[in-house]
Amino acid sequence: MRMRLGDYTASILVTMLSSAFGVLLLQGTSVLTTIISGDDIAQKESVQVALSLVSVIFFAIAVYVGGVVTANTVGTVIAGRTRVIALYRLVGASASSLRRAVAADGLLVGVVGSVLGLAVASILTPVSVSIGVATDAIPSARYDLFPVILAVPVLAVVLVTWLASWVGSRRILEVTPIQAGAAAVEPSREDIASHPVRNAGAFILIGVGVLLLAGGIALGMVNMLGVLVAMLGGILSFTGVVLGAPLFLPAILRSTGRMLGSGPAAKVAAANAVRNPARSTRATIGVVIGVTLVTMFAVASQGYVDMIMKGREAYPADYQGIDETLAVTIGVFAVLFGFSALIAAVGMVNNLSLSVLQRTREIGLLRALGFTRTQIRRMILAESVQMTVAAVGFGLVLGILYGWAGAQSLLGSILGGGFMLPSVPWLVVLGAIVAAAALSTAASIAPSRRATRISPVAALAVE
Amino acid sequence: MKITPTDLGLAARVVHVSKSFGIGQGAVVALSDVSIGIRRGQFTAIMGPSGSGKSTLMHIMAGLDTPTSGEAWLGDTQITALDDTALTRLRRRRIGFVFQSFNLVPTLSARDNILLPFELDGRTPTADEQGWINTLCDTLRITDRLTHRPHELSGGQQQRVAIARALATRPDLVFADEPTGNLDSRTGREVLALLAEACSKFGQSIAMVTHDPVAASYADRVLILADGKVVHELGPSTPEQISGYMLAMDRAS
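Residues numbered from 1 in each chain as written. Chains lettered and ligands numbered in written order. Predicted model: local features only at pLDDT ≥ 70, side-chain atom pairs only at ≥ 80, totals over all residues. Heavy atoms only, no water.

So, about empty space enclosed by the protein. All names here are of chain A. In the structure shown here, the tally under the stated rule is 9 cavities of 30 Å³ or more. A volume near 430 Å³ is recorded for the largest cavity. Along the wall of the largest cavity there are 27 residues; nearest its centre are Ile57, Ile61, Met296, Phe297 and Tyr402. For the lining of the largest cavity, the secondary structure elements donating two or more residues are helix H2 (44–80), helix H8 (226–258), helix H10 (277–314) and helix H13 (373–411). Its residues placed into classes, the lining of the largest cavity shows 23 nonpolar, 4 polar and no charged. A domain-level breakdown of the lining of the largest cavity finds at least three residues from each of domain 1 (1–181) and domain 2 (186–463). Contributing to the lining of the second largest cavity are 17 residues, with Ser280, Ala283, Arg359, Glu383 and Met387 lying nearest its centre. Those elements giving two or more residues to the lining of the second largest cavity turn out to be helix H9 (264–275), H10, helix H11 (322–357) and H13. A total of 5 residues in the lining of the second largest cavity trace back to one element, the largest contributor, which is H13. (1 Å grid on protein atoms, 1.4 Å probe; cavity = no way out; pocket = protein on both sides within 12 Å on 5 of 7 lines; lining within 4 Å. Points joined across faces, edges and corners; volume = space filled by probe spheres on them. Helix = DSSP H or I, 4+ residues; strand = E, 2+ residues; numbered from the N terminus. Nonpolar A, V, L, I, M, F, W, Y, C, P; charged D, E, K, R; others polar. Domains from an automatic or database assignment.)

On to the nonpolar core, then. Ranked by size, the top nonpolar core spans 73 residues in total, and within it Phe58, Ile61, Val65 and Ile289 of chain A carry the most contacts. For this core, the elements supplying multiple residues, two or more each, are helix H1 (9–38), H2, helix H7 (196–220), H8, H10, H11, H13 and helix H14 (426–453) of chain A. The biggest single contributor to this core is H10 of chain A, with 14 residues. Residue assignment places this core across two domains, with domain 1 (1–181) and domain 2 (186–463) of chain A each supplying three or more. Look past the residues within four positions of Val65 of chain A in its chain and what remains in contact with it is Ile289, Leu293, Ile343 and Ala344 of chain A. One finds Ala382 of chain A together with Ala62, Leu87 and Leu173 of chain B within the second-largest nonpolar core, a separate group that totals 48 residues. (Core = buried A, V, L, I, M, F, W, Y, C linked by side-chain atoms within 4.5 Å. Buried < 20%, exposed > 50% of the residue type's maximum accessible area, 1.4 Å probe, protein only. Contact = heavy atoms within 4.5 Å.)

Here the focus is the domain arrangement of chain A. Many structure descriptions define interface size as the accessible area lost when the parts assemble. Residues and elements named next belong to chain A. Partitioning chain A into structural domains gives domain 1 (1–181) and domain 2 (186–463). One C-alpha centre belongs to domain 1, the other to domain 2, and the line joining them spans 19 Å. In this assembly, 43 residues from domain 1 lie in contact with 44 residues from domain 2. Here domain 1 meets domain 2 over a buried area of about 3700 Å², counting both sides, of which 77% is carbon and sulfur. Among the residues domain 1 hides against domain 2, the three largest losses belong to Phe58, Tyr64 and Thr76. Together they make up 15% of the total. Where domain 1 meets domain 2, there are 0 salt bridges. Our enumeration of links across domain 1 and domain 2 arrives at 6 residue pairs in polar contact (both at pLDDT 80 or more). (Buried area = accessible area lost by both parts, 1.4 Å probe. Salt bridge = Lys/Arg side-chain N within 4 Å of Asp/Glu carboxyl O. Polar contact = N/O pair within 3.5 Å; in protein donor to acceptor, adjacent residues only side chain to side chain.)

So, about unusual backbone geometry. All names here are of chain B. Backbone geometry at Phe102 places phi at a positive 65 degrees, although glycine is not the residue there. By the element assignment, Phe102 lies in the loop between strand E6 (95–98) and helix H3 (110–120). The exposure class assigned to Phe102 is buried, which follows from its relative accessible area of 10%. The phi dihedral of Arg170 is positive, around 45 degrees, even though this residue is not glycine. Relative to the helices and strands, Arg170 resides in the loop between helix H5 (155–168) and strand E7 (173–177).

Shown next, in the form of structure tokens:
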């Protein structure tokens with residue numbers, strides 16, 4: 001079963017961003033290492049190790065985010081295609097062959113996006129380096145911009161996209177041929193609660209992830225490599241959160257929704273979160289990823305600065321000349337920041353508009369039964385508000401935890417480092433929250449206008 | 001003094017209604033100068049072959065579509081003059097729908113589906129209304145199915161839930177669009193008998209669009225449409241009489 005190309009535009013974009021990001025990171029690290037090796041810093045070696053580590057970590061995070069976003073998008077597309085899938089099953093296609101076809105599409109998306117990303121980075125980096133040299137921002141030197149290792153991020157992105165489409169398409173297995181004739185049924189809360197294997201998996205992932213996070217922080221007190229352990233812990237625990245989210249997110253959404261007032265639009269919106277737990281969870285997870293990511297990066301870079309400053313206070317002699325490096329690294333952090341946030345934002349916007357468009361028929365029925373256009377829009381708006389509020393609450397906690405664990409496990413072992421409490425740059429975080437709220441609202445409202453403009457008769461005729 | 005539809009004992013009527021789709025030479029005329037009334041407390045069937053304009057007529061009477069020219073009234077309200085918000089409110093409070101494909105919300109239990117019109121209106125049923133809903137559920141024999149979700153119900157049960165939803169707000173008029181189209185003939189007859197009973201027992205006005213002579217035979221009155229015009233009207237008739245007329249019409253054309 002082939003999907004429409006339009007469904008993949010966003011996924012190709014996400015893949016392209018991840019791959020370009022990986023390539024740019026490697027090229028950037030190579031340039032930075034060359035610059036630093038010309039400088040005279042006592043802590044040179046550990047700064048270099050830290051740089052390579054940071055680029056590995058940020059790339060792994062970007063690819064992971066891209067993967068989660070892709071899996072989420074594939075899941076949404078499949079939920080909207082239940083009836084078509086059921087028809088294919090009805091005329092004799094096996095579930096596994098359909099799933100393989102979706103995964104094959106994912107491989108194609110991965111290859112196309114990844115190569116595009118490589119192309120973009122191959123143009124961007126040499127140009128920026130020439131500009132940098134020409135303006136004396138960076139010293140003139142022999143920079144190795146195309147090491148063989150660039151193949152690693154490109155291939156990694158292809159593989160992860162492939163894997164993500166495979167994981168995201170698991171719902172195909174639950175579609176029965178019977179559903180070709182009936183309205184598509186999303187699983188109820190009870191169905192989700194009675195998924196023992198998946199729920200146990202979620203708890204185990206979270207448990208192991210938290211243990212690894214703690215282990216990574218402990219190890220980080222003596223060695224920078226602790227950060228790799230912590231990262232693995234972060235990835236595992238967040239995967240667990242994504243898996244287990246349908247268990248608790250709908251209830252959180254409903255209680256946030258109840259605070260939005262008692263009008264019918266707000267009430268229906270609050271109820272929708274629980275009535276379509278799978279759908280509301282998919283949509284919310286997209287926002288959670290974005291907020292977690294931005295918070296995490298903000299907290300991590302703040303932690304990085306604080307830790308270096310603390311070291312300098314204790315051992316001023318050893319940290320001479322660190323300011324310049326610090327400025328460069330913070331600049332790099334800001335770019336990393338933007339990239340991953342962009343990946344998360346593309347995924348979130350795409351997923352939200354898809355899921356509203358898939359509700360054309362539901363909206364048509366509500367309109368026929370007496371919900372006005374304004375009430376429909378208010379309902380969608382209320383849903384996106386309750387989603388943003390819940391996601392921000394969630395993402396803040398996770399982001400602060402992960403960002404702090406990252407900085408602590410990476411830098412706990414540096415001279416004069418030690419243990420530090422997390423510090424949160426609230427202004428950055430606040431900006432992220434406002435951006436997330438604006439994006440998620442815009443992403444839901446625009447398609448809901450389209451959905452309410454068609455007449456209820458036409459909307460009800462939509463399959 | 002102007003004579004209102006209510007004075008005439010009509011739940012709804014259309015006056016000189018025409019509807020065409022598209023413009024210019026390619027325009028398709030779905031309805032051409034149709035004037036009919038739906039009598040209060042009666043079960044009216046609107047019959048015709050496909051393409052006769054019967055669905056368009058129903059959509060216009062129900063405020064789901066607007067005519068190209070002419071007026072549509074629900075009781076004393078001229079609905080062709082209303083904007084979308086007012087029309088929607090009117091559908092919510094004064095019109096009920098029964099669809100061919102049931103159109104229950106799949107994620108809601110049968111009970112929540114029946115209560116949906118109240119939820120959309122932002123209120124809970126009064127004690128009196130709740131009593132009426134209980135009576136309905138008993139009559140429709142779905143009381144023991146109220147906690148089930150639509151996919152756990154048979155087609156007949158789903159349509160009975162849809163009928164309960166349509167009747168729950170005691171609307172001025174219930175529109176049924178091929179209500180037996182997705183049901184086997186025995187289940188279809190049960191649903192038709194229930195609709196007829198809603199008229200005779202509770203005085204509910206119902207307008208049903210169908211192309212099935214057996215379905216139309218349950219009605220008090222049968223309006224026959226062809227090529228966008230009302231071509232005939234029958235009182236209570238047997239399926240044989242109705243199909244006899246339809247066949248004769250087919251031969252004449």
